[in-house]
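# Inside the fold
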Amino acid sequence: MAVNTVRPQVNRPKANTLREVPKVEKTRPPRQKGTSLFELLDRYTKVDWFFADGLPVRYLPKVLFLMGITLFYIGNTHYADRTLRRIDKTKSDTEDLRADYTTLKSEYMEASKQSEVARNVAASGLVESSTPPIQVVIRKDEY
């Protein structure tokens, strides 16, 4: 009969007594010795003497402290790598923008030359003046 099935109640005296614990037979076949990772670690590290009296709780704060420092170090390394990738990306974007700025500035300087302006407006019928401009002088008492 399975362990988790309902059994008929036997008339027992109502007292604080221990219940019977059914024994479960383990029918696992015996495990063959292999060369798994844990077998190799157990064979070469020999730390069974450390746990002979149970888990040594007195070392737990030191182990937790070292684990905390290790996690902080790993997190800090990831943060630094991510920051360096952002810096490299920003540098490349800045170089691209600087190259675009230089190109646009040279095109603007070329387009603003008098000869280029005259050639571009010739299509609309405007012609460059050959006479110099006249300066208009207004005296203070005229105005």
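Since this is a predicted model, take the numbers as computed values, not measurements.

## Observations regarding the overall build of the protein
Assigned secondary structure in the protein consists of three helices and zero strands. Its helices and strands taken in sequence order, the protein reads α-α-α from the N to the C terminus. Across the 143 residues that make up the protein, the buried fraction comes to 1%. Summed over all atoms, the accessible surface of the protein reaches about 15,400 Å², with 60% contributed by carbon and sulfur.

## Let's talk about a nonpolar patch on the surface
Together, Val47, Trp49, Phe50, Phe51, Leu55, Val57, Leu60, Val63, Leu64 and Met67 give the surface a local cluster of nonpolar side chains, amounting to about 1,000 Å² of exposed area. One can find Leu60 in helix 2 (residues 60-111).

## A short note on the side chain of Glu116
Secondary-structure assignment places Glu116 in helix 3 (residues 114-121). Sequence-distant contacts of Glu116, defined by excluding residues within four places in its chain, comprise Glu110 and Ala111.

## Details of the pattern of salt bridges
Scanning the entire structure with this criterion turns up four salt bridges. Among the ionic pairs, Lys89 bridges to Asp93, the shortest N-O distance being 3.6 Å. Taken together, the positions of Lys89 and Asp93, both in helix 2 and four residues apart, correspond to about one turn of that helix. Residue class for Asp93 comes out partly exposed when judged on its relative accessible area of 35%.

## A closer look at the confidence of the model for the protein
Mean pLDDT over the protein: 84, with 85% of residues reaching 70 or higher. Within the protein, no element has a lower average pLDDT than helix 1 (residues 37-45), which sits at 80, and none a higher one than helix 2, at 96.

Rules used throughout
Residues numbered from 1 in each chain as written. Predicted model: local features only at pLDDT ≥ 70, side-chain atom pairs only at ≥ 80, totals over all residues. Heavy atoms only, no water. Helix = DSSP H or I, 4+ residues; strand = E, 2+ residues; numbered from the N terminus. Buried < 20%, exposed > 50% of the residue type's maximum accessible area, 1.4 Å probe, protein only. Areas by Shrake-Rupley, 256 points an atom, 1.4 Å probe, with all protein chains shown as cover. Patch = residues over 30% accessible without salt bridge, like charges linked within 9 Å, V, L, I, M, F, W, Y side chains within 5 Å. Salt bridge = Lys/Arg side-chain N within 4 Å of Asp/Glu carboxyl O. Contact = heavy atoms within 4.5 Å. pLDDT = per-residue confidence, 0-100.

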